[in-house]
Amino acid sequence: MLKYLLFTLFIGLQTHVIASPLTVVPVTSNVYALVGETGGRTYDNYAFNNTFGFVVTEEGIVLINSGASYAGGALIEQAIATVSDKPIKWLLNLGAQDHYWLGNGYFKSKEIEIIALKRTVAGQKDNANQSMERVSAALKERAKNTKPVYADKVIDADKTELVLGQQRFELMWLGEGHFANDAVLWLPEQQVLFSGDLIFTQRMLGVQPWSNAKKWQQTFHQAMLLKPKYIIPGHGEPCDIATAKEDTGNYLDWLISNISTAVDDMEEIGAVVERLSDAIQFKHLLHYEGWHKRNINRVYTQLEQM
């Protein structure tokens, strides 16, 4: 935990805490992270168990991702108001998982333009039913008015540049990650990367049935070629490259390297899970006990089928 505190001190900016499940964390000059809890989706946290953020420009605010519900959208708006009274002009959607876009409806009601890559919208549509079920179960009556609302401006390309108030935004798809069609956002002048679920910090990433671990590994390394100074991950506190590598990149490398060898040697899957179950260098990550063995099992199955 000390390294995250040191990083906050390094950027020399004060953290603003609001009466909501979100913490507003200044990252650099006009860029802020909205940090939710690192545990699971709950009624109390409005399913804000992820990290996203916003950018303040001369012409207004650009919000990156919209939370998991209509009600949560109002909390995001309140959080932003603790920093700036400028209007939200754009909402950029990076991800297909519920807590990155099911709040779109709230901002749509405010006539805020929603922008996303075509492939990301396709991913949202593929996961819409599952996303609604998950959020409805967690939020109960707080999920009222929440429904799938998609981007107004859908970009049929894997990379585009947007400009608002002299601030450049590069919205791009670098490859598959936690979800196959999730994008990232790069701010070239500030060297800030909004990674979405490509990067997890403080908590262990989950290799899901729809996640291709080897491609995720490749996409992570592709993102590091940007050489970001600041990273706003999909889960956890804002960080630097070293922390992103320690908590995500190194883990993906470790999984692929060790399990590839086991598959090549035709080692039985149960034996592999047991042999690799004690990875001391990753035990600091939340959910290690519940997810690590499952990740080994899924990656073994994936690599075996290649």
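Residues numbered from 1 in each chain as written. Predicted model: local features only at pLDDT ≥ 70, side-chain atom pairs only at ≥ 80, totals over all residues. Heavy atoms only, no water.

1. What to know about the environment of Val 149
With respect to the helices, strands and loops of the structure, Val 149 is situated in the loop between helix H4 (118-139) and strand E8 (153-155). As for Val 149 and Gln 124, which are separated by 25 residues in sequence, their C-alpha atoms are 9.5 Å apart. (Helix = DSSP H or I, 4+ residues; strand = E, 2+ residues; numbered from the N terminus.)

2. Comments concerning empty space enclosed by the protein
Applying the stated criterion across every chain, the model contains 2 cavities of 30 Å³ or more. There is about 80 Å³ of room inside the largest cavity. Sort the elements by how many residues they give to the lining of the largest cavity and strand E12 (residues 192-200) lands first, with 3 residues. For the lining of the largest cavity, the residue count by class is 5 nonpolar, 5 polar and 3 charged. Taken as a whole, the second largest cavity spans an internal volume of roughly 40 Å³. Residue lining of the second largest cavity: Thr 51, Phe 52, Ile 64, Asn 65, Leu 94, Phe 194, Ser 195, Gly 196, Ile 232 and Pro 233, and that is the complete set. Going through the elements one at a time, strand E4 (51-57), E12 and strand E13 (230-235) are the ones with two or more residues in the lining of the second largest cavity. The element contributing the most residues to the lining of the second largest cavity is E12, with 3 residues. Per-class residue counts for the lining of the second largest cavity are 6 nonpolar, 4 polar and no charged. (1 Å grid on protein atoms, 1.4 Å probe; cavity = no way out; pocket = protein on both sides within 12 Å on 5 of 7 lines; lining within 4 Å. Points joined across faces, edges and corners; volume = space filled by probe spheres on them. Nonpolar A, V, L, I, M, F, W, Y, C, P; charged D, E, K, R; others polar.)

3. Digging into the packing of aromatic side chains
Each aromatic ring pair is specified by the distance between its two centres and by the angle formed by the two planes. Per the counting criterion, the structure on display carries 11 aromatic pairs. Plain terms: the ring middles of Phe 48 and Phe 52 are 6.0 Å apart, the flat faces sit at 25 degrees to each other, and that makes the pair stacked. There is no split in this pair, since Phe 48 and Phe 52 are both buried. Both rings, one in Phe 200 and one in Trp 216, keep their centres 6.2 Å apart while their planes meet at 55 degrees; by these two values the pair is tilted. Note that Phe 200 is positioned in strand E12 and Trp 216 in helix H5 (residues 213-224), a separation of 16 residues in sequence. In terms of burial, Phe 200 and Trp 216 fall into one category: buried. Members of the aromatic cluster, connected to one another through ring pairs, are Tyr 70, Tyr 106 and Phe 107. Its end group placed over the ring of Trp 173, Arg 119 keeps NZ or CZ at 3.6 Å from the ring centre. The positively charged end of Arg 142 is found above the aromatic ring belonging to Tyr 43, 4.0 Å away from the centroid. (Phe/Tyr/Trp six-rings, centres within 6.5 Å; stacked < 30°, edge-to-face > 60°. Buried < 20%, exposed > 50% of the residue type's maximum accessible area, 1.4 Å probe, protein only. Lys NZ or Arg CZ within 6 Å of the ring centre and 35° of its normal.)

4. Points about the nonpolar core
Counting residues in hydrophobic clusters, the biggest one holds 38 residues, and the most contacted among them are Ile 199, Leu 255, Ile 259, Phe 282 and Val 299. Of all elements in the fold, only strand E11 (184-187), E12, H5, helix H6 (241-264), helix H7 (269-275) and helix H8 (288-304) reach the threshold of two or more residues within this core. The element best represented in this core is H6, accounting for 9 residues. Phe 282 has contacts with Met 204, Glu 246, Asn 250, Tyr 251, Trp 254 and Tyr 288, leaving out every residue within four places of it along the chain. (Core = buried A, V, L, I, M, F, W, Y, C linked by side-chain atoms within 4.5 Å. Contact = heavy atoms within 4.5 Å.)

5. Regarding the layout of surface pockets
One number sums up the size of the largest pocket: a volume of about 200 Å³. Along the walls of the largest pocket sit 17 residues, with Arg 41, Gln 97, Arg 203, Gln 208 and Trp 291 positioned nearest its centre. Broken down by class, the residue content of the lining of the largest pocket amounts to 3 nonpolar, 10 polar and 4 charged.

6. Description of the confidence of the model for the chain
Reading predicted coordinates in detail is not appropriate for stretches of low pLDDT. Looking at the chain as a whole, the pLDDT averages 94, with 94% of positions reaching at least 70. Low pLDDT, under 50, characterises residues 1-18; the predicted model gives this stretch 35 contacts beyond four residues in sequence or across chains. (pLDDT = per-residue confidence, 0-100.)

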